[in-house]
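Geometric and topological summary
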Amino acid sequence: MSDARGRVLSKSPVGLLQAYFDQQALEVGDLLGLPERKRHQKLLELCQEWPDAKRNDVLSDLERIDALATHDTTCAMMEALRPDQHTALLEQPNEYARALWVFLQGHAVFDRAEDIAFAMEYRNKARKWDAFLVPKVAEIHTTDAVREEIEEKVSTYFRQRDGSGSTVVAEIFSRVSAAADSPGQQLIQMTLYVENLPRTSVEFEGKQIQRKSRRHADEAAIVYCQETGALEVVGRDKLSREMLAKVFCQHVLGCDLTSERFKIRRFNLNRLKEPLHFPVQPEDGIVEVKPTLLELRTHDDGLRMEFKCSPRQNHDLHSLMDQHMGHGNPARNGTWVSGASLSVKMMGNKGRRQQSITVRLKPDGCNLNDQNDAHRLLLGKYLEQWGLMESVN
């Protein structure tokens, strides 16, 4: 985790770091004026001189800030903030600055951003995510009595199932979507913490080794959109996710859970290891489709390679790779495709210039949700026809 802490200390603006250490009442001298590489090394060394409790707090803070410092969590941070704070957030120079700036707004705001980011992280990932289509309900029940009933039902389920769930804490809050595909949608989120079975860890107590039992908490989340009736659930496994959805519908929405599920998308990017034909219908207005980026990994995940070309290149990416590497082209030798980008040229409407759309693909997701409705539906149709995407229940 030292790399994570070092990233925050080296990549965050000096002014925000100074504000953080001032907030912690810690004196760091002139270390913030050092070059980035030396700065984080010297600060981590200084951290070892602080009292144990203060040192552990700082290291924990840095780890949490690093976890939130990704491009995918900017929407989560915006939704945790007041609308009048959005401009200040977006003006920060990089993702580390944004995460640290949110941390400085207070623990309640940062905690909320983490809860929202958790719910977003697993969207469309079959191992931890399910989605249902339920009635569009105007009246939402979020009283303390409702929350306590949910905690009791969830606790009973897990205690009967495997002995876990001795303690369950539920939090229900509303937020407004800042996502590009659904701006302004009213969302209700319930975050749950479920006590798992005790775990024993080996720890230092002074200079003595102690074995301690820890009460680990598993996190789960439910997000409901009043406008569409979409209910998304993130949790341990399929059975518990369905149980959580039923409990949420019964107590928060006052309705029954339907059996209608959203479909999960899966992507077969290895088809892009070879040149691929992209047939389209002329009436759909697609002028050209070609790969512009391939991310390849060896099967042991020991090496990652990225190959990229400009959409304006006359030659396609595969031809360029063959031209420069011949038989050594790694796309043909013991690798798998872990990421790709397609450049899609669309005919302009009413005499306008052609529009270029970049479709980014990963094995477990894509950026179609960032497109407008027409492009999302059109490109989703073709990704399935080209064999790059399939929808499964």
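Scroll up to find the structure this text is about.
Overview of the structure. Owing to the predicted nature of the structure, the values given are computational and were not obtained by experimental measurement.

A separate point is the overall build of the protein chain. A tally of helices and strands in the protein chain yields twelve helices and 14 strands. With the principal axes as the frame, the protein chain shows a C-alpha extent of 65 × 60 × 45 Å. Relative to all contacts within the protein chain whose residues are 6 or more apart in sequence, the contacts with residues 24 or more apart total 64%. Just so you have it, the protein chain exposes about 21,400 Å², and 47% of that area is on carbon and sulfur atoms. Side chains of the protein chain carry 53 positive and 57 negative charges; the gap between the two charge centres is 4 Å.

Right, let's get into the packing of aromatic side chains. Summed over all chains, the structure comprises nine aromatic pairs. Geometrically, the ring pair formed by Tyr20 and Phe21 is edge-to-face, given 5.3 Å between the ring centres and 70 degrees between the ring planes. In this pair, the class of Tyr20 matches that of Phe21, namely buried. On the basis of an interplanar angle of 20 degrees and a centroid distance of 5.4 Å, the ring pair of Tyr382 and Trp386 is categorised as stacked. The exposure class of Trp386 is buried, given its relative accessible area of 2%. Following the ring pairs from residue to residue traces out a cluster consisting of Tyr20, Phe21, Trp50, Phe103 and Phe110. The aromatic ring of Phe173 is capped on one face by Arg112, whose charged end is 3.7 Å from the ring centroid.

Now for the packing of helix H9 (residues 144-162) against helix H10 (residues 238-253). When two helices pack together, their arrangement is given by the angle between the helix axes and by the axis-to-axis distance. Relative orientation of the contacting elements H9 and H10 amounts to 155 degrees, with a least axis distance of 10 Å. Put simply, H9 runs roughly antiparallel to H10. Helix-helix and strand crossings are classified by hand; for H9 and H10 the assignment is right-handed. Where H9 approaches H10, its residues Val146, Glu149, Ile150, Lys153, Val154, Tyr157, Phe158 and Arg161 are matched on the opposing element by Leu239, Ser240, Met243, Leu244, Val247, Gln250, His251 and Val252.

Before going further, it helps to examine the side chain of Arg175. Tracing the backbone shows Arg175 in strand S2 (residues 168-176). Among the polar contacts made by the side chain of Arg175, one reaches the side chain of Glu79 at a distance of 2.2 Å. Apart from the residues lying within four places of it in its own chain, the contact partners of Arg175 are Glu79, Ile116, Ala119, Met120, Gln185, Gln186, Leu187, Gln189 and Val223.

Reading across from one edge, S1-S7-S6-S3-S2 is the order of the five strands in this open sheet, with antiparallel pairing throughout. The open sheet is flanked by strand S1 (129-133) and S2, the only strands paired with a single partner. Strand after strand, the sheet turns through a mean of 15 degrees between neighbouring axes, direction not considered. Note: strand S3 (residues 186-195) against strand S6 (residues 217-225), nine bridges, orientation antiparallel. Of the residues in S6, the one forming a bridge with Leu187 is Cys225. Strands in contact with H9 are S2 and S3; relative to S2, the strand with the most contacts, it is inclined by about 130 degrees. H10 rests against S1, S2, S3, S6 and strand S7 (230-234) of the sheet, and its axis sits at about 135 degrees to S7.

What counts, and at which threshold
- Residues numbered from 1 in each chain as written.
- Predicted model: local features only at pLDDT ≥ 70, side-chain atom pairs only at ≥ 80, totals over all residues.
- Heavy atoms only, no water.
- Helix = DSSP H or I, 4+ residues; strand = E, 2+ residues; numbered from the N terminus.
- Contact = heavy atoms within 4.5 Å.
- Areas by Shrake-Rupley, 256 points an atom, 1.4 Å probe, with all protein chains shown as cover.
- Lys, Arg positive; Asp, Glu negative; His and termini not counted.
- Charge placed at Lys NZ, Arg CZ, Asp CG, Glu CD.
- Phe/Tyr/Trp six-rings, centres within 6.5 Å; stacked < 30°, edge-to-face > 60°.
- Buried < 20%, exposed > 50% of the residue type's maximum accessible area, 1.4 Å probe, protein only.
- Lys NZ or Arg CZ within 6 Å of the ring centre and 35° of its normal.
- Axes fitted to C-alpha atoms, helices over the stretch in contact; angles between N-to-C directions.
- Parallel < 35°, antiparallel > 145°, perpendicular 65-115°, else oblique.
- Left-handed = near helix turned anticlockwise from the far one by under 90°.
- Polar contact = N/O pair within 3.5 Å; in protein donor to acceptor, adjacent residues only side chain to side chain.
- Pairing = 2+ DSSP bridges.

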